[in-house]
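Structural overview
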Amino acid sequence: MDFKLFLHRIFRFKWLIILLPVLAIIISFLLVKNIPRKYESVAQISTGLLDPSKKVISNETVDFFAVNQQFANLVEKFTMKRMINLLTYRLVIHDLTDQKSAFKRLPESLSAKSSTELAEITALFEKKLNSNALLTLDDDKGRYKLFTIAEDMGYGEEQLRDDLEVSHAANSDLLSVIFTSGNPALSAFTVNTLSTEFISSYSNDVSNNQNSSAKILDSMLLSKKNAMDAKNNLLSNFKRTKGVLNLDEQSATVYNQISQYEAQRAEAMRVIQSNAGGVATIESKLGGSDRYINGSSRASNREIVDLKRQLQVANNLYIDGGFKPAMQKKIDSLNRLISNKSSANMDENIVDTRVSKQDLVQQKVGLEVSLQQARSSIRTLDGQLRILRARYSSMVPFDADIQNYQRDAELATKDYMLALDRFNAAKTDQKLGLNLEIEQLGLPGNPKPTKKALYIAGAGTGTFALCISFVLLLVVVDSAVRNQQTLEAITESPVIGNINEIAGKERTARNIWGDKSADGKYLVFKEQIRSLRFEIASQMESSGSKILGITSLAGGAGKTFLSHSLAYAFALTGKKVLLIADEQQQPLSNETGLISNLSFQSFLIKKEFHTEDLITVMNKSVERNSLLEIQNVGNLKDGFEVLKKEFDYVIIDVNSLREVNISKEWLLFTERNIALFEYGGKIGEADRPLIRYIREQPGFMGWVFNKVTNVK
């Protein structure tokens, strides 16, 4: 749909779009004029979750995600059915027990009851309040319908919840309880009562839950402690029976001792090897021919050597015999003899060989003693190493067992410590947990600002939107053309006339134009024809044209009747008119001699016609044959030239544009053209090429909006 056409169609409903919102605003103003005032009361409850002054540990970090979850749970619990029912009981009991200060008037169902019955109803509500019971439809099955009574008094669950709001501002420690009603005292009573009931109920629930949790944790802690003691006892018994106090330390001590003894044994072996080499070297020197050692006194030397052998034997006996004093004396005696022999031998030599030999012998003796001592220590060290290795080997089988016992004991101890931490945390939370307090009581306040202006604006806006939507729906659904502007927008051509639809079946031009009745039912029609006649005559005279073609977009638009009416209108101005048209169902006139009926096909053949009076009618072929099949173009043009010389105007009733093959042939010979469009008709996509075709004709003057029903 073209945008211009879309706007034209919407413009048709301009008064609907304007009047309906105005009417809605007026109605809304009347409705909201007497809206009762609303009073809001707010109570605030502190939780201590985000208030550092209420925390025992002031530097405790805050988990905002967990805190937000806690606040969300509190808000949800505030509006639970159980809490709303407690509030209902309080309000009902208040109004029933103190009717003078009641927040609302008693409904008819209660005002007709006696004081005894009201007391019984009050007792039933108090019983439900004390038992913290829910109010359900089952409460209507008794003598008094408690559920219905609460609803009738305006204290039903949904009624209270609609006016109640519980919220938490971000990063605030306070919960806000807001209630709105038509009574300021009712609003204050509601928020204060609900806050008190919630704190009491929530504290009891938390206490019961914490006590139950503490019992469970205490039982779990006891079982963990028993398991830990059992595992530790198994470890202790194993150590006691196996003689192991601390296997790791004991094995490490034994291992260190083994390492030390092995190091001592290695050192003793080094000493033995060193001393044995030294002794062998000294003996080779003493038994050799070195004159600096043996000298020239061989006999002395042999004696000295013999004495030294004895000394060696004595030393061995001294060591093997356990270092006895008697042997020590013998060794000393031998040493003195050797010294004396050596001194005597020195006197016989320039170089005292005795000194050298004595030194070597003393070194040899010392080395031999040290060698013997090292060998003796090797035996002692080997004995100690055997003992330590046996002890270390005896510890290895206990290692795997004691590790299992220790691991079980450690796991049991860890489980117990975790359980103990949870138990202590639960106890701490129970003492230092959430502590709800009413920070600010709800007070009766001033009435809230009314929303009359908002309601009125909303009504106007909503109605305007509905109107626009309705109009858009009409525009989309209804594609009929019902005004001149829409037709001009669609066809992109001017509309040169509007012709009303004539009521009744009269279609005779003489009768219509000759009507002189008082009501003048054809007066508007005749004025419209005269206006159309003026438009056509002006354009045809200015261009010197005489042949007028009248077509339509679709059949049944009334072009034949309009052709006869225009012919009669032109004849009234004294013009000689030839009308080539389809034959009307009713004759144009019953009087002979006024209008002659001829055949256009006969004229084309004979080129003869007879004119009488001012209007001559030639009927087109009933078979709707093609013009070009009757005569060629040249003969047709010659025929029309003859008619132009004889008549002032030649009006041709051209077939509708949808009969493309016939209408195009007739339009070849017309000089000026108009097209009819029936009021309320629709234009499809297939019609757009036809509209474009007639618009592009050189002699096209415009459209005539025919059979209009809303123009008077």
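Residues numbered from 1 in each chain as written. Predicted model: local features only at pLDDT ≥ 70, side-chain atom pairs only at ≥ 80, totals over all residues. Heavy atoms only, no water.

1. A word on the pairing of strand E6 (residues 547-552)
Burial runs high along E6: six of the six residues are buried. Here E6 shows two buried faces, one formed by Ile 547, Gly 549 and Thr 551 and the other by Leu 548, Ile 550 and Ser 552. Inspection of the sheet shows E6 paired to strand E10 (residues 649-653) by four bridges, in the parallel sense. From the neighbouring strand, Ile 550 faces E10, where its bridge partner is Asp 653. As paired elements, E6 and strand E11 (residues 672-678) share five bridges and run parallel to each other. Residue pairing for E11: Ile 550 is matched across the bridge by Ile 674. (Buried < 20%, exposed > 50% of the residue type's maximum accessible area, 1.4 Å probe, protein only. Helix = DSSP H or I, 4+ residues; strand = E, 2+ residues; numbered from the N terminus. Pairing = 2+ DSSP bridges.)

2. Notes on the confidence of the model for the chain
On average, residues of the chain score 76 in pLDDT, and 72% of them are at 70 or above. Across the chain, the secondary-structure element scoring lowest on mean pLDDT is strand E8 (residues 595-599), at 52, and the one scoring highest is E6, at 93. Contacts from residues 585-596, a stretch scored under 50 in pLDDT, to residues over four places away or in other chains number 27 contacts. (pLDDT = per-residue confidence, 0-100. Contact = heavy atoms within 4.5 Å.)

3. Here's the deal with empty space enclosed by the protein
Inspection of every chain in the model, using the stated rule, returns three cavities of 30 Å³ or more. Along its surface, the second largest cavity is lined by Lys 81, Asn 85, Thr 88, Leu 135, Phe 147, Ala 150, Glu 151, Gly 156 and Glu 157. Elements with a minimum of two residues in the lining of the second largest cavity: helix H4 (81-97) and helix H7 (146-152). (1 Å grid on protein atoms, 1.4 Å probe; cavity = no way out; pocket = protein on both sides within 12 Å on 5 of 7 lines; lining within 4 Å. Points joined across faces, edges and corners; volume = space filled by probe spheres on them.)

4. Quick look at the pairing of strand E9 (residues 615-619)
Most of E9 sits inside the fold, with five of its five residues counted as buried. The two faces of E9 match: Ile 615, Val 617 and Asn 619 on one face and Thr 616 and Met 618 on the other face are all buried.

5. Concerning the environment of Leu 311
Tracing the sequence through the fold places Leu 311 in helix H12 (residues 298-320). A sequence separation of 20 residues divides Leu 311 from Ile 331, and the C-alpha atoms of the two residues are 5.9 Å apart.

6. As for the pattern of salt bridges
Counting across every chain of the model gives 16 salt bridges. Notably, a salt bridge pairs Lys 141 with Asp 138, separated by 3.4 Å at the nearest N-O pair. Overall, the relative accessible area of 69% leaves Lys 141 in the exposed class. We note a salt bridge from Lys 644 to Glu 641, for which the minimum N-O separation is 3.9 Å. Of the two residues, Lys 644 and Glu 641 both sit in helix H22 (residues 633-646), three residues apart, roughly one turn of that helix. On the accessibility criterion, Lys 644 (17% relative accessible area) is buried. One network of salt bridges, with partners in common, ties together Lys 81, Glu 157, Glu 158 and Arg 161. (Salt bridge = Lys/Arg side-chain N within 4 Å of Asp/Glu carboxyl O.)

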